[in-house]
Amino acid sequence: MVSSLVAATVRVCLRAWFSRQFFNLSYRCRIWVCGSTSRYVHDVARPYRDAWFGWNAELGEKQKDREMRKNFDKCFEMLLAHEGGFVNHPEDPGGATNLGVTKRTLQGYLGRHVSMDEMRNLTPEDVKPIYRKNYADAVCFDDLPAGLDWAMLDWAVNSGSGRAAKALQKIVGAKQDGAIGPKTLQAVANYETEETIGKLHDSRQKFYEGLSHFKTFGRGWTRRNKETLEQATSML
């Protein structure tokens, strides 16, 4: 009976401790919990200690996820500012586009035909999952340093994730296969982020200037590339 009473007392004290109510206990109880070094107390405390550190690790992961989502949300807003609304320019090889998503991309994502009315009526909520899956995830957005993540996302949306990925791999000396993985990310980590962002801007501009449609769309592409550089640098 005495051992059961002791065990119950230890559990109550330790629960209070790990729930940040330790200092609400009586002075004598605090001294006993802190000062006791017996094996029995250690064994009783172990599950609470493990739960405490497990809870902290889980909390850290949740905090990281929230920060990633917050950064993606911010970049998504900047992306929509770059892309604008519905356009269907006859010389644009992408065809009908709304909020930066082409008709072909939307059809591929939905797996069905999309009418022009559907294209015109797209909302940010409609296209956000597409940007996340087709572009952000494709360039490992969440694993890139702040600033570089935005520079890569904007170019991926504008010219394709494979092209942006290969440009980054060339800059950091990784294999240029268009698929960003652990080796590319390690190579990225070995370079100064600001320098990488600057070189990515230069590669992007060079690519634009080599396109046959640069005469028609070059001014807009150049402005967008410059804005992306400034925004990415401000995020460092």
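See the structure shown above.
An account of the accompanying structure is given in this report. One numbering rule holds for all chains: residues counted from 1, following each sequence as written. Given that the model is predicted, a residue must reach a pLDDT of at least 70 before its local features are reported, and side-chain atom pairs must reach 80 or more before they are shown or counted; all residues, however, enter totals for whole chains, interfaces and linings. Side-chain calculation: all heavy atoms of the structure are included, whereas hydrogens and water are not.

Brief notes about the environment of Leu 229
(1) Moving on: Mapped onto the secondary structure, Leu 229 falls in helix H11 (residues 214-234).
(2) Moving on: Note on Leu 229: relative accessible area 24%, which makes it partly exposed.
(3) Moving on: Along the sequence, Leu 229 and Ala 151 sit 78 residues apart, while their C-alpha atoms lie 6.9 Å from each other.
(4) Moving on: For this analysis, residues touch if any pair of their heavy atoms sits within 4.5 Å. In this structure, Leu 229 is in contact with Ile 197, Gly 198 and His 201, ignoring residues within four places of it in sequence. Strands here are runs of E lasting at least two residues and helices are runs of H or I lasting at least four, both read from the DSSP assignment and numbered beginning at the N terminus. Each residue's exposure class comes from its accessible area (1.4 Å probe, protein chains only) as a fraction of the maximum for that residue type: buried when under 20%, exposed when over 50%, partly exposed otherwise.

A word on the layout of surface pockets
(1) Moving on: If you add up the space inside the largest pocket, you get close to 960 Å³.
(2) Moving on: A 1.4 Å probe that fits into a set of points on a 1 Å grid over the protein atoms alone but cannot get out defines a cavity; an open set with protein on both sides within 12 Å along at least five of seven lines defines a pocket, and lining residues are those with an atom within 4 Å of a point. Along the wall of the largest pocket there are 30 residues; nearest its centre are Asp 92, Gly 94, Thr 97, Asn 158 and Trp 221.
(3) Moving on: The set of elements that each furnish at least two residues to the lining of the largest pocket consists of helix H3 (39-83), helix H4 (103-110), helix H7 (148-159), helix H10 (193-209) and H11.
(4) Moving on: Take the lining of the largest pocket: its biggest share by element is five residues, from H11.
(5) Moving on: Grid points are joined across faces, edges and corners, and a volume is the space filled by probe spheres set on the points. In this model, the second largest pocket occupies a volume close to 260 Å³.
(6) Moving on: Together, Trp 155, Arg 163, Ala 167, Lys 170, Ile 171, Lys 199, Ser 203, Lys 206 and Phe 207 line the second largest pocket.
(7) Moving on: Every element with two or more residues in the lining of the second largest pocket is listed here: helix H8 (161-172) and H10.

Quick word on empty space enclosed by the protein
(1) Moving on: Applying the stated criterion across every chain, the model contains one cavity of 30 Å³ or more.
(2) Moving on: If you add up the space inside the largest cavity, you get close to 60 Å³.
(3) Moving on: Ala 151, Ile 197, Leu 200, His 201, Arg 204, Asn 225, Thr 228 and Leu 229 together form the lining of the largest cavity.
(4) Moving on: Those elements that place two or more of their residues in the lining of the largest cavity are H10 and H11.
(5) Moving on: When residues of the lining of the largest cavity are assigned to their parent elements, the largest contribution, four residues, is made by H10.
(6) Moving on: Residues are grouped as follows: nonpolar covers Ala, Val, Leu, Ile, Met, Phe, Trp, Tyr, Cys and Pro; charged covers Asp, Glu, Lys and Arg; every other residue, Gly included, is treated as polar. By residue class, the composition of the lining of the largest cavity is four nonpolar, three polar and one charged.

As for H8
(1) Moving on: One less than the residue count of a helix, multiplied by 1.5 Å, gives the span that helix is expected to have. The terminal C-alpha atoms of H8, which comprises twelve residues, lie 17 Å apart, in line with the 16 Å expected from a rise of 1.5 Å per residue.
(2) Moving on: Every buried residue of H8 is accounted for by Ala 164, Ala 165, Ala 167, Leu 168, Gln 169, Ile 171 and Val 172.
(3) Moving on: For H8, the elements touching its buried residues are H7, helix H9 (182-189) and H10.

Digging into the pattern of salt bridges
(1) Moving on: What counts as a salt bridge is simple: a side-chain nitrogen of Lys or Arg found within 4 Å of a carboxyl oxygen of Asp or Glu. Across all of its chains, the model carries ten salt bridges by this definition.
(2) Moving on: For Asp 73, the salt bridge goes to Lys 128, with nearest N and O atoms at 2.7 Å. Placement of the pair is Asp 73 in helix H3 and Lys 128 in helix H6 (residues 124-136), with a sequence separation of 55 residues.
(3) Moving on: For Asp 73, a relative accessible area of 31% gives the class partly exposed.

Structural notes on the side chain of Asn 98
(1) Moving on: Counting through the fold element by element, Asn 98 comes out in strand E1 (residues 97-98).
(2) Moving on: One polar contact links the side chain of Asn 98 to the main-chain carbonyl oxygen of Arg 120, over a distance of 3.3 Å. The definition of a polar contact used here is a pair of N or O atoms within 3.5 Å, where within protein one atom must be able to donate a hydrogen and the other to accept one, and adjacent residues in sequence count solely through side-chain atom pairs.

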